[in-house]
Amino acid sequence: MENTPPLTTPRLLLRRFTPDDTPAMWELLQDEEVNTFLPWFPVKTLEEARQHLQERYLSQYSRAQSYHYAVCLRETGQLIGYANVSDTEARDLGYGFRKEFWHQGFATEAARAILEQLRRDGVPYITATHDVNNPHSGAVMRKLGMQYQYSYREQWQPKDILVTFRMYQLNLDGKDRVYRAYWKQYPHFVEEGFHEL
């Protein structure tokens, strides 16, 4: 089984990051609006972008399995974002895109390709969380077939702000389970009758 195999969709190529992607990641990571709902602060220098790329992506490729993808336009090769699934027990799905590519279905398209690879690899489930103030991210999760499970409040680091997250899950193996670590760790609740617009 290839570690981080390239994936293609009608519009996208998902591939491993390389050090040459540093300038493109700098463009993404320095944008304050893009980073509003991401856990880290916008980077201020190209060197910070290089370190981020090394620590969060390039270093992951030594693992037996890694799902950390650069998301590129298939026609031009332009890097427009990233999509990944953590190697933690949560198997947390995350994504981020340059804002000129928002609201065009790219996050859903990229994530669907990763889900297909996860199924081929026998990964049993994934989770994903979003800030309640970022409903567009929740819409992506629902389009992927993920189901809302519960909400929880976390003092989010390193930004040190209190955030209410909604946790979604998709059981790829068909088994009935709910990932409870956030439920156990943080103040939590279920939003009864919850439906996002």
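Residues numbered from 1 in each chain as written. Predicted model: local features only at pLDDT ≥ 70, side-chain atom pairs only at ≥ 80, totals over all residues. Heavy atoms only, no water.

Peer 1: Break down the sheet that holds strand 9 (residues 188–189) for me, with residues and values.
Peer 2: With antiparallel pairing, four strands are arranged side by side in an open sheet as 6-8-7-9. In this open sheet, the two strands that pair with only one neighbour each are strand 6 (125–131) and strand 9. Bridge count for strand 6 against strand 8 (residues 161–171) is seven bridges, and the pairing is antiparallel. Counted as the bridge partner of Asp131 is Phe165 from strand 8. (Pairing = 2+ DSSP bridges. Helix = DSSP H or I, 4+ residues; strand = E, 2+ residues; numbered from the N terminus.)

Peer 1: Can you explain the pairing of strand 3 (residues 67–73)? Please cite residues and give values.
Peer 2: Of all seven residues in strand 3, seven are buried, a share of seventy percent or more. Here strand 3 shows a buried face lined by Tyr67, Tyr69, Val71 and Leu73 and a second buried face lined by His68, Ala70 and Cys72. Pairing analysis gives four bridges linking strand 2 (residues 12–15) to strand 3, with the strands arranged antiparallel. Counterpart to Leu13 in the pairing with strand 3 is Cys72. Connecting the antiparallel pair strand 3 and strand 4 (residues 79–85) is a turn made up of five residues, with Gly77 showing a positive phi of about 85°. (Buried < 20%, exposed > 50% of the residue type's maximum accessible area, 1.4 Å probe, protein only.)

Peer 1: Now, about helix 2 (residues 46–56): what can you tell me, with residues and values included?
Peer 2: When we look at burial in helix 2, the residues that qualify are Ala49, His52 and Leu53. For helix 2, the angular spread of buried residues about the axis comes to 95°, placing them on one side. Packed against the buried residues of helix 2 are helix 1 (22–29). (Arc of directions from axis to C-beta. Contact = heavy atoms within 4.5 Å.)

Peer 1: I'd like a rundown of the sheet that holds strand 4, residues and numbers included.
Peer 2: Strand order across the open sheet formed by five strands is 1-2-3-4-5, with antiparallel pairing between neighbours. Two strands lie at the open edges of the sheet, namely strand 1 (7–8) and strand 5 (93–97), each paired on one side alone.

Peer 1: Explain the nonpolar core to me, and be specific about the residues and the numbers.
Peer 2: Nonpolar side chains tend toward joint burial in soluble globular proteins. With 33 residues, the main nonpolar core has Leu93, Leu118, Ile126 and Met146 as its most contacted residues. By residue number, the principal contributor to this core is helix 3 (residues 106–121), which donates eight residues. Core analysis: the next-biggest nonpolar cluster, separate from the first, contains 17 residues, Met25, Leu29, Leu79 and Tyr82 among them. (Core = buried A, V, L, I, M, F, W, Y, C linked by side-chain atoms within 4.5 Å.)

Peer 1: Lay out the side chain of Asn35 in plain terms, naming residues and giving numbers.
Peer 2: Take Asn35: it is sitting in the loop between helix 1 and helix 2. Residue class for Asn35 comes out buried when judged on its relative accessible area of 1%. Engagement of the side chain of Asn35 in a polar contact is seen with the backbone oxygen of Leu28, the distance being 3.4 Å. Non-local contacts of Asn35, meaning those with residues more than four positions away in its chain, are made with Leu28, Leu29, Gln30, Trp40, Pro42 and Lys159. (Polar contact = N/O pair within 3.5 Å; in protein donor to acceptor, adjacent residues only side chain to side chain.)

Peer 1: For the packing of aromatic side chains, give the residues involved together with the corresponding values.
Peer 2: Here the structure, examined in full by the defined rule, presents twelve aromatic pairs. Ring plane angle 50° and centroid distance 4.6 Å describe the contact between Phe17 and Tyr57, whose orientation is recorded as tilted. Taken together, the residues span a long stretch of sequence, with Phe17 in the loop between strand 2 and helix 1 and Tyr57 in the loop between helix 2 and strand 3 at a distance of 40 residues. For Phe17, a relative accessible area of 3% corresponds to the buried category. Overall, Tyr57 belongs to the buried group, its relative accessible area being 2%. A ring pair is formed by Tyr148 and Tyr168, whose centres lie 6.0 Å apart and whose planes are at 70°; its orientation type is edge-to-face. On the criterion of sequence distance, the pair formed by Tyr148 in strand 7 (residues 147–156) and Tyr168 in strand 8 is long-range, its members being 20 residues apart. Given a relative accessible area of 19%, Tyr148 falls into the buried group. Chaining the aromatic ring pairs together yields one cluster made of Tyr125, Tyr150, Tyr152, Trp156, Phe165, Tyr179, Tyr182, Trp183 and Tyr186. (Phe/Tyr/Trp six-rings, centres within 6.5 Å; stacked < 30°, edge-to-face > 60°.)

Peer 1: Would you mind going over the pairing of strand 8 in detail, with residue names and values included?
Peer 2: In terms of residue burial, strand 8 counts as a mostly covered element, since eight of its eleven residues are buried. As judged from the nine bridges shared by strand 7 and strand 8, these two strands associate in the antiparallel manner. Considered in strand 8, the bridge of Tyr148 is made with Tyr168. What sits between the antiparallel neighbours strand 7 and strand 8 is a turn of four residues, in which Asp160 has the positive phi angle 55°.

Read these as spatial facts, not as claims about activity.
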